[in-house]
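# Structure at a glance
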Amino acid sequence: MRLILLGPPGSGKGTQANLLQRKFRVPKISTGDILRAAVGDQTELGEKAKVFMDQGQLVPDEIVVGLIKERIDEADCVDGFILDGFPRTIVQAEKLDETLSALGQELGTVVDLEVDRQELLVRLVGRSTCKNCGTMYHRTARPPENPGACNECGGELYQRPDDNEATIVKRLAVYEKETAPLKEFYRKQKKLKSLNGSGSVEEIFSRVCEMVS
Ligand code: ADP
Ligand code: ZN
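Along every chain, residues carry numbers that run from 1 in the direction the sequence is written. The naming scheme follows written order: chains are lettered A onward, ligands numbered 1 onward. Restriction of local features to residues with pLDDT of at least 70 applies here, the model being predicted, together with a cutoff of 80 or more for giving and counting side-chain atom pairs; totals for whole chains, interfaces and linings are based on all residues. No hydrogens and no water enter the side-chain calculation; it runs on all heavy atoms of the structure.

## Quick notes on the pattern of salt bridges
Think of a salt bridge as a Lys or Arg side-chain nitrogen and an Asp or Glu carboxyl oxygen that are within 4 Å of each other. This model, assessed by the stated rule, comprises 16 salt bridges. Residues R171 and D163 are paired through a salt bridge, measuring 3.0 Å at the closest nitrogen-oxygen approach. Here R171 and D163 have matching classes, each one buried. Residues joined by salt bridges that share partners form a network here, namely R127, R160, D162, D163 and R171. The classification of residues rests on relative accessible area computed with a 1.4 Å probe and restricted to protein chains. Under 20% of the type maximum is buried, over 50% is exposed, and intermediate values are partly exposed.

## Quick notes on the environment of G155
For helices the rule is a DSSP run of H or I covering at least 4 residues; for strands it is a run of E covering at least 2, with both sets numbered from the N terminus onward. Tracing the chain through its elements places G155 in the loop between β6 (136-138) and β7 (157-158). Residues G155 and G134, spaced 21 residues apart in sequence, show a C-alpha to C-alpha distance of 9.2 Å. Here a residue-residue contact requires only that any non-hydrogen atoms of the pair lie within 4.5 Å. The contact partners of G155, leaving out residues within four places of it in the chain, are C130, N132, G148, A149 and C150.

## Regarding the sheet that holds strand β2 (residues 28-30)
Hydrogen bonds between backbone atoms are what pair the strands of a sheet, whose relative direction is either parallel or antiparallel. Strand order in this open sheet of five strands is β2-β3-β1-β4-β8, and the pairing throughout is parallel. In the strand order of this sheet, the two ends are held by β2 and β8 (192-196), each with one partner. Within the sheet, the average angular offset between the axes of one strand and its neighbour, ignoring direction, is 20 degrees. The criterion for strand pairing is that DSSP finds at least two bridges linking the strands in question. Summarising the sheet, strand β4 (residues 110-114) and β8 pair through five bridges and their orientation is parallel. Between N-to-C directions, angles span 0 to 180 degrees; the directions come from axes that are lines fitted to C-alpha atoms, helices contributing only their stretch in contact.

## Quick look at the nonpolar core
Joining through side-chain atoms within 4.5 Å is the link that ties buried Ala, Val, Leu, Ile, Met, Phe, Trp, Tyr and Cys residues into a set, and such a set is a nonpolar core. Counting 26 residues, the largest nonpolar core has L83, L96 and Y186 as its most contacted members. Counting residues in hydrophobic clusters, the runner-up holds 14 residues, among them L20, V26, I82 and L113.

## Some words on the sheet that holds β7
One open sheet holds the three strands; their spatial order is β6-β5-β7, and the pairing between them is antiparallel. Looking at the sheet topology across the chains shown, the edges are occupied by β6 and β7. Sheet analysis places strand β5 (residues 127-130) next to β6, joined by three bridges and oriented antiparallel. What sits directly across from S128, in β6, is Y137.

## Some details on unusual backbone geometry
Residue P87 is bonded to the preceding F86 through a cis peptide linkage, with omega at -5 degrees. By secondary structure assignment, the location of P87 is in the loop between β3 (81-84) and α5 (90-102). Here R25, not a glycine, exhibits a phi torsion of approximately 55 degrees, which is positive. In this model, K190 sits at a positive phi of 60 degrees, which is unusual for a non-glycine residue. Position of K190 among the secondary structure elements: in the loop between α8 (181-188) and β8.

## A closer look at the coordination of the zinc ion (ligand 2)
The donor definition counts N, O and S atoms within 2.8 Å of each metal and applies 3.2 Å to Na, K and Ca; water is not among these atoms, so some sites may look incomplete. Protein coordination at the zinc ion (ligand 2) comes from C130 (SG), C133 (SG), C150 (SG) and C153 (SG), with a distance range of 2.3 to 2.4 Å. Geometry is assigned from donor-metal-donor angles: four donors are tetrahedral when every angle falls between 85 and 135 degrees, four are square planar and six octahedral when opposite donors sit over 155 degrees apart with all other angles between 65 and 115, and any other arrangement is irregular. Considering all four donor atoms around the zinc ion (ligand 2), the spread of angles at the metal, 99 to 115 degrees, places the coordination shape in the tetrahedral class.

Written as structure tokens, this is what we have:
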């Protein structure tokens, strides 16, 4: 399985990627998570990326492409991977194609999660994430059993600094301009499968599974 999850911020890529990696036992590669870890560790790369992330802008292609090339080349990716949040530009998609063909691998399905803008805003503004295992919650739609704590592991929940309204609006605009054109790119490659991304997490997960198996 070599899968891409495409879709705007808040469309549920991360949530579905977490479920998919458990079911299919292939690693999820999330550029957002990798970048946030670098920011947390205050590495040179992290310091650079933070400036873009805090403004809701994309981190430059050469940085994320470098990260992905290294990650895909690791041993646990030989049987496949799930990409969450990458590629986000045409250049990134072209570099991914090059990287995979150099490794003799081929991309499978590109799942496009469609959610309307109003719902995206509501989801992102109320979102929190477990620091420990990455499970995602929502203030009203999917609240944790104990406030501030993860149902799965008891870990502390936090709100991402870029999940504030101004930055969210910017991220959605960047998605439309830079990332939405990837749908056409993968439609031409006959890899694109669009699906309705609203509904319960479980419902969407079964729709995704139908498409990839
Ligand atoms: P979301 O999909 O909710 O916006 P992510 O965790 O995927 O969240 O990304 C958070 C931020 O990290 C983005 O706004 C961007 O600044 C940066 N980022 C993540 N992936 C990429 C990428 N492939 N290319 C450029 N920047 C990225
Ligand atoms: Zn947790």
